[in-house]
Amino acid sequence: MKNNDIALVHRALAGDDTAFTVLMEKYQKQVHATVWRTIKDFHIAEDIVQETFLKAHQKLGTLKDPHRFSAWLNAIATRRCLAWFREKRLNSELSENIISATRQNDPYSGYLAGEQAQTASRELHEIVKKWLAKLPENERAVITLHYFDGMSCDEIAAFLGVTTNTIKSRLNRARNRLKKNEPLIQSTLDDFQFFATLSETIKTERNITLRIKTTTENGEQLGEGTLSLKRTDALLGLTGFNFGWVGSNPVETLSTTFLATFITPFLLRFPTVIGDTWTQEGFWDSQAQTTLDRYEQIHASAEVFPICLKHKSVFIDTAPHPQNDIPRIIDNERYELDAKHANLIKNLVNGTRYLWFANGIGLVKMRYEHASGLTTETELFEYRVPGKTEESLPMQIGSTYTYKYHNIFRDETVFEKWRVIENF
């Protein structure tokens, strides 16, 4: 059956419409049953089935693995169900507003309808976050890797170092736990293709949380905390930082996290294109100009990375008494800079920062040439990431990165470990 699908897909891609018709006839009843069970309306289900096959025909060239045609088709159907579900369940007025805007040819009404659509999407995202937050961490990780990152049970098992049966067990427990405790899921999408559909929404805005721990080479702890990022279709940027230092002034224990991600509100914009340049106002009233310079080979302690995106940022005009300094959110309390450290921040932030990102892995090296004449260098010491992706900074849940560097205030080597604990 699968081999037959492969042949039909290849014929359809070659322009044989009869082959796609055969695929439609083969799977029409199956798709209708899935949609009908989800939507609970026979006639609406018929419309969604037609939309599903139309979309499948248009997007057939994007199907990377023809033997998974059936699963791919089902995912399209459930995405169409979600569109219906979101319109009817999360924002019942959205459809009427759009129709009204069309009839009136009113730009403001159209804008308002669009804003409501974005609000509905954000509401859905927040609902999913709350659902997942109720799961134990090991189950939440499996759900996220499987449904949102598209990893198979075998791949997750290899990454986490457990058996495939263990992953399947965790997956089933998480499904049953959510189904039992969340009536909204139980009443709408019992087959749990819901998660496959939700992944399309989640991908447009993902909240990433890193747990960070910094120690000396001898194991002395310097600090620990969390860093929060947000990834949208357009940008990857900082949203929060909650870090505690042990027995030292925060300015004197500047970390990889601080220097690599903390100086500007956003770090990357998408798509990443060599030669792309942008400017933004950084923290401490600095001005930053960033350029995606070129691809280079980078040698780090972890390994040699043959193709790395070189990200160059030039910082100028940091104020001696900055007004928009980020330390106000450190340790949930405002940290006031004295005159000595305010001037030090100016000399440290002003300068040129180079970051190198390896596709599918993330940050592998940083070099910060400060205006003070000092240089901070960081390299990836070891890492562990799941799955395969071409993103410059993927940050899948469960990923770990350890960096080593010489802090400019210390003689000994410092190690900083990142662990991604949230990405959905």
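Our subject is the structure that appears above.
Given the structure is predicted, the values throughout are model-derived calculations rather than measurements.

(A) Representation of the side chain of Glu-139 within the structure. Relative to the helices and strands, Glu-139 is located in helix H7 (residues 137-148). Among the residues examined, Glu-139 registers a relative accessible area of 2% and is labelled buried.

(B) Molecular detail of empty space enclosed by the protein. A complete count under the given rule lists four cavities of 30 Å³ or more for this structure. Put simply, the second largest cavity is a space of about 50 Å³. Residue lining of the second largest cavity: Leu-210, Leu-229, Ala-260, Thr-261, Leu-267, Leu-355, Phe-357, Leu-363, Leu-393, Met-395 and Trp-418, and that is the complete set. Every element with two or more residues in the lining of the second largest cavity is listed here: helix H12 (256-261) and strand S8 (351-358). Among the residues making up the lining of the second largest cavity, the classes are represented as 10 nonpolar, one polar and no charged.

(C) Main features of the pattern of salt bridges. Using the criterion set out here, one finds 13 salt bridges in the structure. Ionic pairing is found between Lys-310 and Glu-296, a salt bridge with its closest N-O pair at 3.6 Å. Taken as a pair, Lys-310 in strand S7 (residues 304-316) and Glu-296 in strand S6 (residues 287-299) lie far apart in primary sequence, 14 residues in all. Across this residue pair, the class does not change: Lys-310 and Glu-296 are buried. For Arg-367, the salt bridge is made with Glu-377, and the minimal N-O distance between the two is 2.2 Å. Residue Arg-367 is located in strand S9 (residues 362-370), and its partner Glu-377 is located in strand S10 (residues 375-384); the two are separated by 10 residues in the primary sequence. The partly exposed category is assigned to Glu-377, whose relative accessible area is 36%.

(D) Here's a closer look at the packing of aromatic side chains. Scanning the entire structure with this criterion turns up 10 aromatic pairs. Ring geometry for Phe-266 versus Trp-278: centroids 6.0 Å apart, planes at 25°, classification stacked. Taken together, the residues span a long stretch of sequence, with Phe-266 in strand S4 (residues 266-269) and Trp-278 in strand S5 (residues 277-281) at a distance of 12 residues. Note on accessibility: Phe-266 and Trp-278 belong to one class, buried. An aromatic cluster is built from Tyr-27, Phe-69 and Trp-72, whose rings are joined through pairwise contacts. Positioned above the aromatic ring of Trp-356, the side-chain terminus of Lys-365 is 5.5 Å from the ring centre. Taking NZ or CZ as reference, Arg-384 lies 4.7 Å from the ring centre of Phe-159, over its face.

(E) Structural view of H7. For H7, with 12 residues, the first-to-last C-alpha span of 15 Å sits near the 16 Å given by 1.5 Å per residue. Within H7, nine of the 12 residues are buried, which leaves the element mostly enclosed by the surrounding structure. All of the buried residues in H7 are Glu-139, Arg-140, Ala-141, Val-142, Ile-143, Thr-144, Leu-145, Tyr-147 and Phe-148. Looking one or two residues past H7, Gly-150 carries a phi angle of roughly 70°, positive in sign.

(F) Representation of the pairing of S6 in the model. Bridge count for S5 against S6 is five bridges, and the pairing is antiparallel. By the bridge assignment for S6, Thr-277 is matched with Thr-291. Bridge count for S6 against S7 is 10 bridges, and the pairing is antiparallel. Paired with Gln-287 across the strands is Ile-316, a residue of S7. Counting the residues that bridge the hairpin from S6 to S7 gives four residues.

(G) View of helix H3 (residues 42-59). The end-to-end C-alpha separation of H3 is 26 Å, in line with the 26 Å expected for 18 residues at 1.5 Å each. Buried residues of H3: Ala-45, Ile-48, Val-49, Thr-52, Phe-53 and Ala-56, and no others. Buried residues of H3 fall within an arc of 140° about the axis and therefore sit on the same side. Summarising the geometry of H3, the exposed residues directed more than 90 degrees from the buried face are His-43, Leu-54 and Gln-58.

(H) A look at the nonpolar core. Core analysis: the largest hydrophobic core is formed by 45 residues, its most contacted members being Leu-210, Phe-305, Phe-357, Val-364, Met-395, Tyr-401 and Trp-418. Judged by nonpolar contacts, the second largest core, of 24 residues, contains Val-35, Ile-48, Trp-72 and Trp-84.

(I) The pairing of strand S11 (residues 400-406), seen in detail. Within S11, five of the seven residues are buried, leaving the element largely enclosed by the surrounding structure. The sheet contact formed by S11 and strand S12 (residues 413-423) spans seven bridges and is antiparallel. Looking at the pairing, Tyr-403 lines up with Glu-416 of S12.

(J) Quick look at the packing of H7 against helix H8 (residues 153-160). Packing of H7 against H8 brings their axes to within 10 Å, and their N-to-C directions diverge by 135°. Considering the angle they form, H7 stands oblique to H8. Of the two possible hands of crossing, H7 and H8 adopt the one that is right-handed. Contacts from Val-142, Leu-145 and His-146 in H7 reach Cys-153, Ile-156, Phe-159 and Leu-160 in H8. Of the residues in the contact of H7 with H8, the class split is six nonpolar, one polar and no charged.

Reading the values: rules and limits
- Residues numbered from 1 in each chain as written.
- Predicted model: local features only at pLDDT ≥ 70, side-chain atom pairs only at ≥ 80, totals over all residues.
- Heavy atoms only, no water.
- Helix = DSSP H or I, 4+ residues; strand = E, 2+ residues; numbered from the N terminus.
- Buried < 20%, exposed > 50% of the residue type's maximum accessible area, 1.4 Å probe, protein only.
- 1 Å grid on protein atoms, 1.4 Å probe; cavity = no way out; pocket = protein on both sides within 12 Å on 5 of 7 lines; lining within 4 Å.
- Points joined across faces, edges and corners; volume = space filled by probe spheres on them.
- Nonpolar A, V, L, I, M, F, W, Y, C, P; charged D, E, K, R; others polar.
- Salt bridge = Lys/Arg side-chain N within 4 Å of Asp/Glu carboxyl O.
- Phe/Tyr/Trp six-rings, centres within 6.5 Å; stacked < 30°, edge-to-face > 60°.
- Lys NZ or Arg CZ within 6 Å of the ring centre and 35° of its normal.
- Expected span 1.5 Å × (residues − 1).
- Pairing = 2+ DSSP bridges.
- Arc of directions from axis to C-beta.
- Core = buried A, V, L, I, M, F, W, Y, C linked by side-chain atoms within 4.5 Å.
- Axes fitted to C-alpha atoms, helices over the stretch in contact; angles between N-to-C directions.
- Parallel < 35°, antiparallel > 145°, perpendicular 65-115°, else oblique.
- Left-handed = near helix turned anticlockwise from the far one by under 90°.
- Contact = heavy atoms within 4.5 Å.

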